[in-house]
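# Observations on chain architecture
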Amino acid sequence: GESVGLHLPTLSVQEGDNSIINCAYSNSASDYFIWYKQESGKGPQFIIDIRSNMDKRQGQRVTVLLNKTVKHLSLQIAATQPGDSAVYFCVRDNDMRFGAGTRLTVKP
Amino acid sequence: DSGVTQTPKHLITATGQRVTLRCSPRSGDLSVYWYQQSLDQGLQFLIQYYNGEERAKGNILERFSAQQFPDLHSELNLSSLELGDSALYFCASSVDDRKNYGYTFGSGTRLTVV
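A short tour of the structure in this document, coming up.

Rules behind the numbers
Residues numbered from 1 in each chain as written. Chains lettered and ligands numbered in written order. Predicted model: local features only at pLDDT ≥ 70, side-chain atom pairs only at ≥ 80, totals over all residues. Heavy atoms only, no water. Salt bridge = Lys/Arg side-chain N within 4 Å of Asp/Glu carboxyl O. Helix = DSSP H or I, 4+ residues; strand = E, 2+ residues; numbered from the N terminus. Buried < 20%, exposed > 50% of the residue type's maximum accessible area, 1.4 Å probe, protein only. Phe/Tyr/Trp six-rings, centres within 6.5 Å; stacked < 30°, edge-to-face > 60°. Lys NZ or Arg CZ within 6 Å of the ring centre and 35° of its normal. Polar contact = N/O pair within 3.5 Å; in protein donor to acceptor, adjacent residues only side chain to side chain. Pairing = 2+ DSSP bridges. Axes fitted to C-alpha atoms, helices over the stretch in contact; angles between N-to-C directions. Contact = heavy atoms within 4.5 Å.

### As for the pattern of salt bridges
Residues and elements named next belong to chain A.
- This structure, assessed with the given rule, holds six salt bridges over all chains.
- The salt bridge involving Asp55 is made with Lys68; its shortest N-O contact spans 3.0 Å. With Asp55 in the loop between strand 5 (45–51) and strand 6 (56–58) and Lys68 in the loop between strand 7 (62–67) and strand 8 (72–77), this pair connects stretches of sequence that are 13 residues apart.
- On the basis of relative accessibility, which here comes to 53%, the residue Asp55 falls in the exposed class.

What follows is the structure, encoded as structure tokens:
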């Protein structure tokens, strides 16, 4: 089975709202997690990463939170825009598996 | 442009045929990964090469094979093609074997088997 799993296969939000995509992992062997965004017909694109010595990392409009106690991480997108519509994957560094991802749809 | 180059972008072929997909990794990257993505499916990991050697295998069929050449480009060979092999095939590269800096993906090859 997957060592990381996204909680919801789909997420629909209103433009301008904040989005939260959640991901759980099953063991603590990894010290590095990466979020990818895949737009339709394109290859996945690196968004943001986080190492296990951090609890939070911020990028431009995106924040990743890592809770090692409950083995959970989340990707928060502020002021979601139509261009954020895509499939999002969370991946561990030593695991090549991407899983099915969460499809984010932004409604105008 | 991600720096990972995949050719061809599109390929249409008949069942039973054999095709070769090519990938040039980003400059400086030693690892190459191949993924298959069928319609509305997640990315299925096929195989990884690091500096010319096979490093990890995923859900790769026996009809499929790959190799990485001394110049680090990689080829994915798909033979005895079936309709179900129609998919997007992505190549990704990373600096090292432990993928400590994530993957960089190419734009993919869309294979249609008719």
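### Description of the packing of aromatic side chains
- Under the counting rule described, the total for this entry stands at 16 aromatic pairs over all chains.
- With a centroid separation of 6.4 Å and an interplanar angle of 80°, the aromatic rings of B:Tyr35 and B:Tyr103 are classed as edge-to-face. Pair noted here: B:Tyr35 is in strand 4 (residues 31–37) and B:Tyr103 is in the loop between strand 9 (87–94) and strand 10 (104–105), with a separation of 68 residues, a long-range link. Across the pair, B:Tyr103 and B:Tyr35 agree in class, each one buried.
- An aromatic cluster is defined as three or more aromatic residues linked by ring pairs; in this entry it consists of A:Tyr36, A:Phe46, A:Phe89, A:Phe98, B:Tyr33, B:Tyr35, B:Phe45, B:Phe90, B:Tyr103 and B:Phe105.
- Positioned above the aromatic ring of A:Tyr32, the side-chain terminus of A:Arg51 is 4.0 Å from the ring centre.

### Quick look at the side chain of B:Ser94
Residues and elements named next belong to chain B.
- Within the secondary structure, Ser94 sits in strand 9.
- Ser94 sits in the buried class, given a relative accessible area of 1%.
- At a separation of 2.7 Å, a polar atom in the side chain of Ser94 contacts the side chain of Tyr33.

### Here's the deal with the pairing of strand 6 (residues 53–57) of chain B
Residue and element names in this part refer to chain B.
- Here four bridges tie strand 5 (residues 44–50) to strand 6, and the two strands are oriented antiparallel to one another. Across the sheet, the residue bridging to Tyr49 is Glu54, located in strand 6.
- Connecting strand 5 to the antiparallel partner strand 6 that follows it, the hairpin turn spans two residues, and Asn51 within it adopts a positive phi of roughly 50°.

### Here we look at the sheet that holds strand 7 (residues 64–68) of chain B
All names here are of chain B.
- Taken in spatial order, the four strands make up an open sheet running 1-3-8-7, and their pairing is antiparallel. Bordering the open sheet on either side are strand 1 (5–7) and strand 7, each of which pairs with just one other strand. Direction aside, the axes of adjacent strands within the sheet are offset by 15° on average.
- Pairing between strand 3 (residues 19–24) and strand 8 (residues 74–78): five bridges, direction antiparallel. Looking at strand 8, one finds that Arg22 is bridged to Glu75.

### Regarding the side chain of B:Thr109
Residues and elements named next belong to chain B.
- For Thr109, the position within the fold is in strand 11 (residues 109–113).
- Thr109 gets classed as buried once you look at its relative accessible area, which sits at 0%.
- A distance of 2.5 Å separates a polar atom in the side chain of Thr109 from the backbone oxygen of Pro8.
- Those residues within four positions of Thr109 in sequence are excluded, and the remaining contacts are Gln6, Thr7, Pro8, Lys9, Leu21, Ala87, Leu88 and Tyr89.

### Examining the sheet that holds strand 9 (residues 86–92) of chain A
Residues and elements named next belong to chain A.
- With mixed pairing, the five strands of this open sheet are ordered in space as 2-10-9-4-5. Single-partner strands in this sheet number two, and they are strand 2 (10–14) and strand 5. Recorded for the sheet is a direction-independent mean angle of 25° between the axes of neighbouring strands.
- In this sheet, strand 5 lies alongside strand 4 (residues 32–38) in antiparallel orientation, the contact comprising six bridges. Bridge pairing in strand 5 places Trp35 opposite Ile48.

### Overview of the pairing of strand 7 of chain B
All names here are of chain B.
- Of the two faces of strand 7, the one holding Phe64, Ala66 and Gln68 is buried and the one holding Ser65 and Gln67 is not buried anywhere.
- The sheet contact formed by strand 7 and strand 8 spans five bridges and is antiparallel. By the bridge assignment, Ala66 is partnered in strand 8 with Leu76.
- Hairpin connection, strand 7 to strand 8: the antiparallel pair is bridged by five residues, and Leu72 has positive phi, about 80°.

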